[in-house]
Amino acid sequence: MDGRITQDAGAEDAPAPATLLAGYQGLTGSFSARAAARGGRPVGFPSFDRLLRALTASEIDLAVLPAATRGAGAVLEPLEAIARLLEAGGPPLAVASEIEVPVRLVLAAPHGVAAPDVREIYSQTPVFRQCTKLLARLDAVPVETHDTAYAALRVAELGGTRAAVCSEEAALEAGLVVLEEDVSDVRPNTTRFWAVVRGGAGVEPEIRALFYSGARLAAAVADAGAEILALPGRADAPVRGFAVVPIRLLSKVSGLSARAAETFVWLGPAPDHVPPPRLKEAPRATEVRPATVVTAGAFAVGGGRRAVIAGPCAVESPEQVMRLAKAVARAGATALRGGVFKPRTSPSAFQGHGLDALRWLRDAGDSVGLPIVTEVMAPSQVEPVARLADVLQIGARNCQNYDLLKEAGAAGRPVMLKRGFGTTVEEWLSAAEYILAAGCRDVLLCERGIRTFERTTRGTLDLGGLLAARSLTHLPLLADPSHAAGRRELVPGLARAAWGAGADGLMIEVHDTPESALCDGPQALLPEDLEQLLDEFGLLPGPTDSVERVRRAIDRVDAGIAGLVSRRLALCRAVADTKRSTGRPIRDEAREATVRARFEEALGADAPNAAILADALISLGLEAEGWLPPAEGPLAGEKRPERRGPTPVVPPGPPTLPRS
Ligand code: PEP
Ligand code: MN
């Protein structure tokens, strides 16, 4: 069926598309019945579960359920019913459209009951949340019912000093008298109903809704600007809910996918990539402005965010790329690469498995929650590749292929531009201008080795050029040590050099059987080498399952700290010599205060007791400088350093110095 439903914003019920059966939960006269009438011929069901069962069994064409109200937000019961179905792996569902129904709530009671007499008010929970003023004023006890029309019937049946909050229509149908009109705090008050249809191919939803569980996904969806309809958490899924994603934000959310123990289900077909509207004014590459941060799903690079794109040179088979995706995710990479169209020096060399391989790459990336990066070689490849890839790569050979740059820049995806082997930094940045001018703000630059007279390496990684570019552009700069080196054994050293020089990210080729790789095997790192390298950079995967691995990272940090402390003590000894030869006192409390303040300022947010560390260092420094406490030593008259600030959690003790 066509998922589109005639919508009419007017308060009156629009004529129903007669051929469709629109199920709802509740009784005639309810707001749900009114919403359903806008979608088809209304058919009432006793519960939301029964309604959804009727939908999946094709007894009805659509199920109309309240999803959100103004003021009270998510309507939990119907959303829970949908969530239950999705969590149980039920058949696909889609939200074909939203039907917004104006809700005018009245207070109604049997004949003879006046408002001040009312002692019990019957209605639905979301309605009570919207009528707080009425409840406060009447001093009556709220009694919850499934729907407002039933509340009216129940009040009519029971009689007494009871009233219902319901639609005027339901009140009249139940034979009640309207005591007060418009009793809601929220004006204008509306409820948004979802017209839910059976999902699958052919449905073209008007709104894009999804179900998620997991804190990471919740944060990513909310960060993208989607509307969150949160559900109460459960022990096995503490953070879960639905999100409604406006079309203009779809491209930000379409790259997200579930990792282990998370759920991410679109209500309707997963959206194809939708290119965002073309920017009128993308900045120029060399404009002076804050660093550009390029993001794709969980991947972010630039402005202090650092990334590692890793994976095989070429996608060789679904199994190969799935294995390597797992390996690079485990190592801590933040994006997965893989060539599907390969620019090869010889036409008889392997040219890539094309769009089939792109689907294998996408599946592999999704299965580990990493965005994917792949090369486009021709303008005609841009559109089909941009549908699935998160980042488009322009290879070194195409750095100045201006038609390709323009096409890629208009695709609505971030573009990574590799520097050509014979391209100057200035020409490289000028090439980036083509991509920006085509409307793409998210351009990444990647230095991958230039052609020099040197023959021991495949290219010469031009870190000088990368640093020069840093002073000229706000765009993120990456380095690709793999293509620069051409030899595996040089890759870690070049990667460290680039990382140390402040590159925003790295692109590294990885293979688990490099001897049989179809492309660039000799330069591929083994997964374990990548893991070791990224450990050095402190780039661990998020919820890593290995305490040992994190401990190794801590050990490396400790070793660094120990080395620095030892260097600091050597400097203290040197300064003590100078002080003695110039007659200055060894202790300088003003200087100690500066040292303490520096630690407090640098660590304050992380460690409120940072002064403890400063005190310990000062104490060790005094010891190295040969300072002795005043009472016992020759430098009597100098005071012991006093600790300032809060009482430390673990007192390091005052300086205790050896007596000589
Ligand atoms: C690649 O990244 O696989 C590639 C072909 O790189 P380059 O264009 O830098 O040679
Ligand atoms: Mn390669």
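Above this text is the structure in question.
Residues numbered from 1 in each chain as written. Chains lettered and ligands numbered in written order. Predicted model: local features only at pLDDT ≥ 70, side-chain atom pairs only at ≥ 80, totals over all residues. Heavy atoms only, no water.

## Points about the overall build of the chain
Then, number 1: Along the backbone of the chain there are 21 helices and 25 strands.
Then, number 2: When its C-alpha atoms are laid out on the principal axes, the chain stretches across 105 × 85 × 45 Å.
Then, number 3: Going through the 660 residues of the chain one by one, you find that 50% of them count as buried.
Then, number 4: Of the contacts formed within the chain by residues at least 6 apart in sequence, a portion of 68% connects residues at least 24 apart. (Helix = DSSP H or I, 4+ residues; strand = E, 2+ residues; numbered from the N terminus. Buried < 20%, exposed > 50% of the residue type's maximum accessible area, 1.4 Å probe, protein only. Contact = heavy atoms within 4.5 Å.)

## Here's the deal with the coordination of the manganese ion (ligand 2)
Then, number 1: Within the protein, Cys 313 (SG), His 483 (NE2), Glu 509 (OE) and Asp 520 (OD) serve as the donor atoms for the manganese ion (ligand 2), at 2.0 to 2.4 Å.
Then, number 2: Mapping the donors of the manganese ion (ligand 2) onto the primary sequence gives the spacing C-x169-H-x25-E-x10-D. Here His 483 lies in helix α16 (residues 481-485) and Cys 313 lies in the loop between β18 (307-311) and α10 (318-331), a separation of 170 residues in the sequence. In this pair, the class of Cys 313 matches that of His 483, namely buried. (Donors = N, O, S within 2.8 Å, 3.2 Å for Na, K, Ca; no water.)

## Regarding empty space enclosed by the protein
Then, number 1: Scanning all chains against the criterion turns up three cavities of 30 Å³ or more.
Then, number 2: The volume enclosed by the largest cavity comes to roughly 180 Å³.
Then, number 3: As for the largest cavity, its lining consists of 17 residues, of which Phe 31, Pro 66, Gln 124, Val 127 and Thr 191 are closest to the centre.
Then, number 4: Sorting the residues of the lining of the largest cavity by element identifies α1 (31-39), β3 (62-69), α4 (125-130) and β11 (190-198) as the ones contributing at least two each.
Then, number 5: Looking at the lining of the largest cavity residue by residue, the classes come out as eight nonpolar, eight polar and one charged. (1 Å grid on protein atoms, 1.4 Å probe; cavity = no way out; pocket = protein on both sides within 12 Å on 5 of 7 lines; lining within 4 Å. Points joined across faces, edges and corners; volume = space filled by probe spheres on them. Nonpolar A, V, L, I, M, F, W, Y, C, P; charged D, E, K, R; others polar.)

## Regarding the layout of surface pockets
Then, number 1: When its volume is computed, the second largest pocket comes out at roughly 710 Å³.
Then, number 2: Taken together, 28 residues make up the lining of the second largest pocket; nearest its centre are Arg 259, Ala 329, Pro 541, Gly 542 and Pro 543.
Then, number 3: Elements supplying a minimum of two residues to the lining of the second largest pocket: α10 and α11 (354-368).
Then, number 4: Per-class residue counts for the lining of the second largest pocket are 12 nonpolar, seven polar and nine charged.

## Let's talk about the side chain of Ser 482
Then, number 1: Within the secondary structure layout, Ser 482 lies in helix α16.
Then, number 2: Since its relative accessible area comes to 0%, Ser 482 is described here as buried.
Then, number 3: Only 2.9 Å separates the side chain of Ser 482 from the backbone nitrogen of Glu 509, close enough to count as a polar contact.
Then, number 4: The contacts of Ser 482, once residues within four sequence positions are left out, are Val 491, Met 507, Ile 508, Glu 509 and Gln 523. (Polar contact = N/O pair within 3.5 Å; in protein donor to acceptor, adjacent residues only side chain to side chain.)

## Regarding unusual backbone geometry
Then, number 1: Residue Asp 139 is not a glycine yet carries a positive backbone phi of 60 degrees.
Then, number 2: Summarising the element assignment, Asp 139 is placed in the loop between α5 (132-138) and β8 (141-144).
Then, number 3: Here Asp 182, not a glycine, exhibits a phi torsion of approximately 50 degrees, which is positive.
Then, number 4: Mapping Asp 182 onto the fold places it in the loop between β10 (177-180) and β11.

## Section: the site of ligand 1
Then, number 1: Around ligand 1 there are 13 residues in total, and Arg 337, Gln 393, Ala 396, Lys 418 and Arg 448 lie nearest to it.
Then, number 2: Within the side chain of Arg 337, a nitrogen or oxygen atom sits 2.7 Å from an oxygen atom of ligand 1.
Then, number 3: Between an oxygen atom of ligand 1 and a side-chain N or O atom of Glu 509, the distance comes to 3.4 Å.
Then, number 4: In the complex, the protein chains occlude 98% of the 290 Å² of accessible area that ligand 1 would expose alone. (Near = heavy atom within 4 Å. Areas by Shrake-Rupley, 256 points an atom, 1.4 Å probe, with all protein chains shown as cover.)

## Description of helix α13 (residues 402-409)
Then, number 1: Those residues of α13 not exposed but buried are Leu 404, Leu 405, Ala 408 and Gly 409. Taken down its axis, α13 places every buried residue within 130 degrees of arc, on the same side.
Then, number 2: The inward-facing, buried residues of α13 contact α12 (379-388), β21 (391-394), β22 (415-418) and α14 (425-437). (Arc of directions from axis to C-beta.)

## Remarks on the environment of Arg 84
Then, number 1: Within the secondary structure, Arg 84 is located in helix α3 (residues 76-87).
Then, number 2: With relative accessibility at 42%, the residue Arg 84 sits in the partly exposed group.

## Some remarks on the state of the cysteines
By definition, a disulfide links the sulfur atoms of two cysteine residues through a covalent bond.
Then, number 1: Going through the model one piece at a time under the given rule, you end up with zero disulfides.
Then, number 2: Free cysteine Cys 131: the closest other cysteine sulfur is in Cys 166, separated by 11 Å.
Then, number 3: With no disulfide partner, Cys 399 has as its closest neighbouring cysteine sulfur the one in Cys 446, 11 Å distant. (Disulfide = S-S within 2.5 Å.)

## Let's talk about the packing of helix α2 (residues 48-56) against α3
Then, number 1: Two elements in contact, α2 and α3, have axes whose closest approach is 9 Å; the angle formed by their N-to-C orientations is 45 degrees. One element, α2, and the other, α3, form an angle in the oblique class. Read as a crossing pair, α2 and α3 show a hand that is right-handed. Counted together, Phe 48, Asp 49, Leu 52 and Thr 56 of α2 and Glu 77, Pro 78, Ala 81, Ile 82, Arg 84 and Leu 85 of α3 form the full contact between these two elements.
Then, number 2: Of the residues in the contact of α2 with α3, the class split is six nonpolar, one polar and three charged. (Axes fitted to C-alpha atoms, helices over the stretch in contact; angles between N-to-C directions. Parallel < 35°, antiparallel > 145°, perpendicular 65-115°, else oblique. Left-handed = near helix turned anticlockwise from the far one by under 90°.)

## Quick notes on the nonpolar core
Then, number 1: Counting residues in hydrophobic clusters, the biggest one holds 69 residues, and the most contacted among them are Leu 336, Leu 392, Leu 417, Leu 506, Ile 508 and Leu 530.
Then, number 2: Element by element, the count of residues in this core is highest for α14, at seven residues.
Then, number 3: Setting aside its immediate chain neighbours within four residues, Leu 417 contacts Ile 394, Cys 399, Leu 405, Trp 428, Ala 431, Ala 432, Ile 435, Leu 444, Leu 445 and Cys 446. (Core = buried A, V, L, I, M, F, W, Y, C linked by side-chain atoms within 4.5 Å.)

## Quick word on the packing of helix α20 (residues 589-603) against helix α21 (residues 610-625)
Then, number 1: Relative to each other, α20 and α21 sit at 145 degrees, their axes nearing to 8 Å. By crossing handedness, the relation of α20 to α21 is classed as right-handed. Contacts from Glu 592, Val 595, Arg 596, Phe 599, Glu 600 and Leu 603 in α20 reach Ala 610, Ala 611, Leu 613, Ala 614, Asp 615, Leu 617, Ile 618 and Leu 622 in α21.
Then, number 2: When the residues that make up the contact of α20 with α21 are grouped by side-chain class, the tally is 10 nonpolar, no polar and four charged.

## Notes on α10
Then, number 1: Look at α10: 20 Å from first C-alpha to last across 14 residues, which is about the 20 Å you get at 1.5 Å a residue.
Then, number 2: Looking at the buried residues of α10, the elements they touch are β18, β19 (335-337), α11, α18 (527-536) and α19 (547-582).
Then, number 3: Positive backbone phi, approximately 110 degrees, marks Gly 332, located one or two places after α10. (Expected span 1.5 Å × (residues − 1).)

## Some remarks on the packing of aromatic side chains
Then, number 1: Per the counting criterion, the structure on display carries five aromatic pairs.
Then, number 2: Summarising the aromatic geometry, the rings of Tyr 402 and Tyr 434 are spaced 4.2 Å apart at their centres and angled 25 degrees between planes, so their arrangement reads as stacked. One end of the pair, Tyr 402, is in helix α13; the other, Tyr 434, is in helix α14, and 32 residues separate them in sequence.
Then, number 3: The class of Tyr 402 is partly exposed, set by a relative accessible area of 30%.
Then, number 4: Look at Tyr 434 and you get partly exposed, because its relative accessible area is 33%.
Then, number 5: Taken together, the ring pairs in this structure connect Trp 194, Phe 211 and Phe 242 into an aromatic cluster.
Then, number 6: A cation over an aromatic ring shows up here: Arg 306 above the ring of Trp 499, its NZ or CZ 3.8 Å from the ring centre. (Phe/Tyr/Trp six-rings, centres within 6.5 Å; stacked < 30°, edge-to-face > 60°. Lys NZ or Arg CZ within 6 Å of the ring centre and 35° of its normal.)

In short, geometric facts, not functional conclusions.
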